[in-house]
Amino acid sequence: MNAPFQHAVTVRELDLADPGEAQRLEALVAGHPGGTAFHRPAWLNAVARATGNRALALVLERHEAIAACLPLLEVHSPLFGRVMVSSGFGVEGGILAERQSDADALFGAVEELALRRSCPAIELRGGMLPAGRDGWKIRHDSHCGFVTDLAADDDAQLTAIPRKQRAEVRKGLAGDLTVSVGTDAAQRAAHYAVYAESVRNLGTPVFPKALFSAVLDAFGENADILTVSDGETPVASVLSLYHKGAVMPYWGGGTMAARRLRANDRMYYELMLHARRRGCERFDFGRSKTGSGAFDFKKNWGFAPQPLGYAAWTAPGAEARDADPTSAKHAARIALWKRLPLPLANLIGPHIARGLA
């Protein structure tokens, strides 16, 4: 009796510049329960073009079909060194696979790729995690995700917000604020101005303006901007992504006036209503560092934190990468950045932020 034919399993680097190859990966991400917006070639190519980093994707093929993948951004930073991140500038990513053996093959491939490209660190945000591999450190205590179902109507959505936070939303609703949604040049300019001020106040360099436009262009109808204005002045704005029935307010913030006006509270409530009208079923508040102010803010909205699994690899003999903004190593830099005049922060920030994946 003849032995059954064994199809070869191949691990290779996908050509993300090839539309046909990219579409094959898009199909896998769309069909896999763990696929996120940050696994999409649309995301990888957009952030690569806008930041000058290199987008990569390792795939495992079986029966001539993609069975597993690992999207990557190879990031070069003068402050934080070289790292391969899945997914770069995203909060999710990591290996999509059905079998641990397939994931193990991709772990081996990315380790080899990192060594070959003189990259001493790998960071994976979610996905299947390595089991007992040398050089890897796994954490479930550094970040949490926040996702909840949207309510059936506007009144129910307001009632679903805990009493104390609901009172803040009501103050925002009572104010003389206007809300607009779109992706045109005016919306993009308003969002960037608000976001740049917001992150400067937090001590973080702002990303290049091209990054936001690249993502909006790549995602098309699956991304938009919602802005809250006081008269003619934008005071809060958020760029959101839409994926598999969920809205994720991703790049958002407010000016110094936003807190007094409760503009941020109004913004997130209005986004919940807007997302439901678009057909969304869930609100994904993204990740926050455990115990941070953002972590507490999302809990105040009634979101239950869910620990996220992150994995980091360090090459043999290399020093572990430290890009944690809460570490003592970076505290002085953050304090200094908060004091920079906004025009100066906006001028030099994007050059630094290209390496903050």
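Here's what I pulled together on the structure shown here. What you are looking at is a predicted structure, and each value in this text was computed from that prediction instead of being measured.

### Overview of the overall build of the chain
- Each helix and strand counted, the chain has twelve helices and 14 strands in total.
- Since a compact globule built from 357 residues should have a radius of gyration of about 21 Å, the 21 Å found for the chain is in line with a globular shape.
- Taken along the three principal axes of its C-alpha coordinates, the chain extends 80 × 45 × 35 Å.
- Looking at the chain as a whole, 51% of its 357 residues qualify as buried.
- Carbon and sulfur atoms provide 53% of the accessible area of the chain, an area that totals close to 16500 Å².
- Between the centroid of the 41 positive side chains of the chain and the centroid of its 38 negative side chains there is a distance of 6 Å.

### Details of the packing of helix α6 (residues 185-202) against helix α7 (residues 209-219)
- Interaxial distance between α6 and α7 falls to 10 Å at its minimum, and their mutual angle equals 135 degrees. In terms of orientation, α6 and α7 fall into the oblique class. As α6 runs across α7, the sense of the crossing is right-handed. Every residue of α7 that contacts α6 at Arg188, His191, Tyr192 and Tyr195 is listed here: Lys209, Phe212, Ser213, Leu216 and Asp217.
- Partitioned by chemical class, the residues of the contact of α6 with α7 number four nonpolar, two polar and three charged.

### Topic: the packing of aromatic side chains
- Throughout the structure, instances matching the rule amount to 22 aromatic pairs.
- Their ring planes at 25 degrees and their centres at 5.8 Å tell us that Trp43 and Trp251 sit as a pair that is stacked. Here Trp251 lies in strand β11 (residues 246-254) and Trp43 lies in helix α2 (residues 41-51), a separation of 208 residues in the sequence. One exposure class covers both Trp43 and Trp251, and it is buried.
- Ring geometry for Phe207 versus Trp251: centroids 6.2 Å apart, planes at 65 degrees, classification edge-to-face. Of this pair, Phe207 sits in the loop between α6 and α7 while Trp251 sits in strand β11, and the two are 44 residues apart along the sequence. Across the pair, exposure class does not vary: Phe207 and Trp251 are buried alike.
- Through a chain of ring-to-ring contacts, three or more aromatic side chains come together here, namely Phe38, Trp43, Phe89, Tyr192, Tyr195, Phe207, Phe212, Phe219, Tyr250 and Trp251.
- The ring of Phe219 has Arg40 lying over it, and the distance from NZ or CZ to the ring centre is 4.7 Å.
- Directly above the ring of Tyr242 sits Arg278, whose terminal nitrogen or CZ lies 3.6 Å from the centroid.

### Points about the nonpolar core
- Counting 48 residues, the largest nonpolar core has Trp43, Val215, Leu241 and Trp251 as its most contacted members.
- Considering every element that reaches this core, the biggest residue donor is α2, with seven residues.
- When neighbours within four sequence positions are excluded, Val215 is seen to be in contact with Trp43, Ala46, Val47, Leu241 and Trp251.
- Membership of the second largest hydrophobic core comes to 30 residues, among which are Leu158, Leu226, Val235 and Leu261.

### Points about the pairing of strand β12 (residues 282-289)
- Pairing analysis gives six bridges linking strand β7 (residues 143-149) to β12, with the strands arranged antiparallel. Bridging across to β12, His143 finds its partner in Lys289.
- One ladder, built from two bridges, connects β11 with β12; its direction is parallel. In the strand pairing of β12, Val247 is matched with Phe283.

### A few points about the sheet that holds strand β1 (residues 9-13)
- Spatially, seven strands are ordered β1-β2-β3-β4-β5-β14-β6 in an open sheet, and the strand pairing comes out mixed. The open sheet has two edge strands, β1 and β6 (136-139), and neither has a second partner. In this sheet, adjacent strand axes meet at a mean angle of 20 degrees when their direction is disregarded.
- Bridge analysis of strand β2 (residues 54-62) against strand β3 (residues 65-77) gives nine bridges, and the strand direction is antiparallel. Along β3, the bridge assignment pairs Leu56 with Leu72.
- Sitting on the sheet, α2 is in contact with β2 and β3, with an inclination near 20 degrees to β3.
- The sheet strands contacting helix α3 (residues 100-116) are β1, β2, β3, β4 (81-86), β5 (121-125), β6 and β14 (310-314), and the helix crosses β2 at an angle near 145 degrees.

The rules behind these values
Residues numbered from 1 in each chain as written. Predicted model: local features only at pLDDT ≥ 70, side-chain atom pairs only at ≥ 80, totals over all residues. Heavy atoms only, no water. Helix = DSSP H or I, 4+ residues; strand = E, 2+ residues; numbered from the N terminus. Rg over C-alpha atoms; globule rule 2.2 N^0.38 Å. Buried < 20%, exposed > 50% of the residue type's maximum accessible area, 1.4 Å probe, protein only. Areas by Shrake-Rupley, 256 points an atom, 1.4 Å probe, with all protein chains shown as cover. Lys, Arg positive; Asp, Glu negative; His and termini not counted. Charge placed at Lys NZ, Arg CZ, Asp CG, Glu CD. Axes fitted to C-alpha atoms, helices over the stretch in contact; angles between N-to-C directions. Parallel < 35°, antiparallel > 145°, perpendicular 65-115°, else oblique. Left-handed = near helix turned anticlockwise from the far one by under 90°. Contact = heavy atoms within 4.5 Å. Nonpolar A, V, L, I, M, F, W, Y, C, P; charged D, E, K, R; others polar. Phe/Tyr/Trp six-rings, centres within 6.5 Å; stacked < 30°, edge-to-face > 60°. Lys NZ or Arg CZ within 6 Å of the ring centre and 35° of its normal. Core = buried A, V, L, I, M, F, W, Y, C linked by side-chain atoms within 4.5 Å. Pairing = 2+ DSSP bridges.

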